[in-house]
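Residue-level structural notes
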Amino acid sequence: MKLIPVRNSSQPVSKSERKIIYWRSSMNPGEIYQHPGKDAMGMDLVPVYDDDAEASGIVKIDPKVVQDMNVKTTEVHKMNIATNIITNGVLTVDEKREYIVTTRVEGFIEKLYVNYTGQYVRKGEKLMDIYSPELVSAEQELLTALTYQSRFKSSSFGDLQSGGNDLLNNAVKKLQLLDVTDNEIERIKKTKQIKTDVTLYAKTSGTVLDKEVLEGQKIESGTPLLKIADLSNQWLLADIYENELEKVQPGDKADLKFNFMPGKIFKGTVSFIYPTIDEKSRTVKIRIDVPNYNGQLKPSMFANVEITGKNLGEYIAIPENSVIRTGSKDIVIVSLGDGRFKPQDVNLGIYSNGFYQVLDGISEGMTIVTSAQFMIDSDSNLKEALSNFQSSSSNSESQEKPMKMKNMKNMKNMKDKGNKPD
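The structure reproduced in this document is the subject of the present report. (Residues numbered from 1 in each chain as written. Predicted model: local features only at pLDDT ≥ 70, side-chain atom pairs only at ≥ 80, totals over all residues. Heavy atoms only, no water.)

Among the residues making up helix 4 (residues 182–191), those that are buried are Glu 184, Ile 185 and Ile 188. End-on, the buried residues of helix 4 take up no more than an arc of 100°, which puts them together on one face. Helix 4 presents Asn 183 and Lys 190 as exposed residues on the side facing more than 90 degrees away from its buried surface. One or two positions beyond helix 4, positive phi appears at Lys 192, with a value near 60°. (Buried < 20%, exposed > 50% of the residue type's maximum accessible area, 1.4 Å probe, protein only. Helix = DSSP H or I, 4+ residues; strand = E, 2+ residues; numbered from the N terminus. Arc of directions from axis to C-beta.)

What follows is the structure in structure tokens.
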């Protein structure tokens, strides 16, 4: 390798011969620029000359060696920080569009109109007929109350007339508590005929997800009979890391890709961010509403998800491969030209599409190294270690010399007194 000349520090250098290699903040030496001006605190920048390189941690490498090391650089510039998130998710049923079919009476399944799981039912369709002795008894009480009321309706005794009305009202309330509709109660009043079974109807259109009963089966009040859900809209549950929470918010759009239809992109909208974090994976669940227009999407389908987050605007950004992570800090190698390189601490922000947002440390227009920066950084660290070693060696020698002189003086005094040294 070519030898590098070292200037004699005893020879004065005129200001005209000194070359400014960069400018830095007087309050924060880590804040450097390629041109004069003001720092972040509004103070004038201080020039750093080429003969201050050693004191500033600058590494000098012969241009031929730089070429052999395949050092690549890029200019720092501002770019639009898009907070896209790529993750995976699984479809599930929209919890707001599902319900359980049950009944308030005990009895037996006399007729079942839903024959299999997955059957589609429309709103108002019959689901099942239930024979209930309890219901028959309640209907008979209604007929008895009607007879009693009509008998004492014209009575001159007010207590009897009031008692008949109360008896009828109580019989109606009992049927209502057994989930008998008002239309059915009016039918019983008019026809005076008891219906031995109760019919359950579909509240909304949907698909039968669970079927828990068979014809002839005895059921108790409150027993889940059917589970029905409207699958025209579904939820996709996806996981994002906690450091990505700042990137996403309700209302953001998402592109979904499913394996069953390659090339087709389904659209969704982020509707909810769950309030808890998984302790093991350090992820947060988000919910994406997905319209199911043609019924192609099925619950439990797996999807690749890309969420378009909020736009943060233009910021200084650097490529991911230009950052050296040490665990305690992030470093980039700044190229100063003529084979000069300087390790520089940077404060990074959001990561987006292969670039890091830079909050502090470098400015627009500077040139940074994107390859072989680890070799340059190791060379810088080696020089610093050697400098510290030489400094400590010098201190040891300076302390050792007085000690040797002191020992020689003691030996001479002992000799003059006629004593032998130990």
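There's more to say after this.
What follows concerns the nonpolar core. Membership of the largest hydrophobic core comes to 33 residues, with the highest contact counts inside it found for Leu 127, Met 128, Ile 130, Leu 142, Leu 226 and Ile 228. Elements represented by at least two residues in this core include exactly strand 7 (98–101), strand 8 (107–112), strand 10 (126–131), helix 2 (133–151), helix 3 (158–177), helix 4, strand 11 (197–201) and strand 14 (226–229). Looking at this core, the element that brings in the most residues is helix 2, giving six residues. In this view, Leu 226 contacts Tyr 99, Ile 100, Val 101, Val 114, Leu 127, Met 128, Val 208, Asp 210 and Lys 211; residues no more than four positions away in its chain are not counted. One finds Val 248, Leu 256, Val 270 and Ile 307 within the second-largest nonpolar core, a separate group that totals 20 residues. (Core = buried A, V, L, I, M, F, W, Y, C linked by side-chain atoms within 4.5 Å. Contact = heavy atoms within 4.5 Å.)

Below, the discussion takes up the packing of aromatic side chains. Overall, the coordinates contain five aromatic pairs when judged by the stated rule. Relative to Tyr 274, the ring of Phe 272 lies with its centre 5.0 Å away and its plane at 80°, an arrangement referred to as edge-to-face. A residue is classified by how much of its surface remains accessible, and Tyr 274, at 26% relative accessible area, is partly exposed. Taken together, the ring pairs in this structure connect Phe 258, Phe 260 and Phe 266 into an aromatic cluster. The lysine or arginine in question, Arg 287, covers the ring of Trp 235, its NZ or CZ lying 4.0 Å from the ring centre. (Phe/Tyr/Trp six-rings, centres within 6.5 Å; stacked < 30°, edge-to-face > 60°. Lys NZ or Arg CZ within 6 Å of the ring centre and 35° of its normal.)

Here we come to the environment of Ile 185. Looking at the element boundaries, Ile 185 is found in helix 4. For Ile 185, a relative accessible area of 2% puts it in the buried group. As a C-alpha pair, Ile 185 and Val 172 span 13 residues in sequence and 7.3 Å in three-dimensional space. Those residues within four positions of Ile 185 in sequence are excluded, and the remaining contacts are Leu 142, Val 172, Leu 175, Gln 176 and Val 180.

With that out of the way, let us pick up helix 2. Taking 1.5 Å per residue, 19 residues should reach 27 Å; helix 2 reaches 27 Å between its end C-alpha atoms and fits that length. Taken together, the buried positions of helix 2 are Leu 135, Ala 138, Glu 139, Leu 142, Leu 143, Ala 145 and Leu 146. Down the axis of helix 2, the buried side of the element spans an arc of 160°, and every buried residue falls inside it. (Expected span 1.5 Å × (residues − 1).)

This brings us to the environment of Met 128. Along the chain, Met 128 falls in strand 10. C-alpha separation for the pair Met 128 and Ala 202, spaced 74 residues apart in sequence, amounts to 9.7 Å.

This brings us to the pattern of salt bridges. Counted according to the given criterion, the structure contains 11 salt bridges. Arg 282 is paired through a salt bridge with Glu 242; the nearest N and O atoms lie 3.0 Å apart. Residue Arg 282 is located in the loop between strand 17 (266–277) and strand 18 (283–291), and its partner Glu 242 is located in the loop between strand 15 (233–241) and strand 16 (253–258); the two are separated by 40 residues in the primary sequence. The class for Arg 282 is partly exposed, based on a relative accessible area of 37%. For Glu 242, a relative accessible area of 36% puts it in the partly exposed group. Here the salt bridges do not stand alone but share partners, grouping Asp 94, Arg 97 and Asp 230 into one network. (Salt bridge = Lys/Arg side-chain N within 4 Å of Asp/Glu carboxyl O.)

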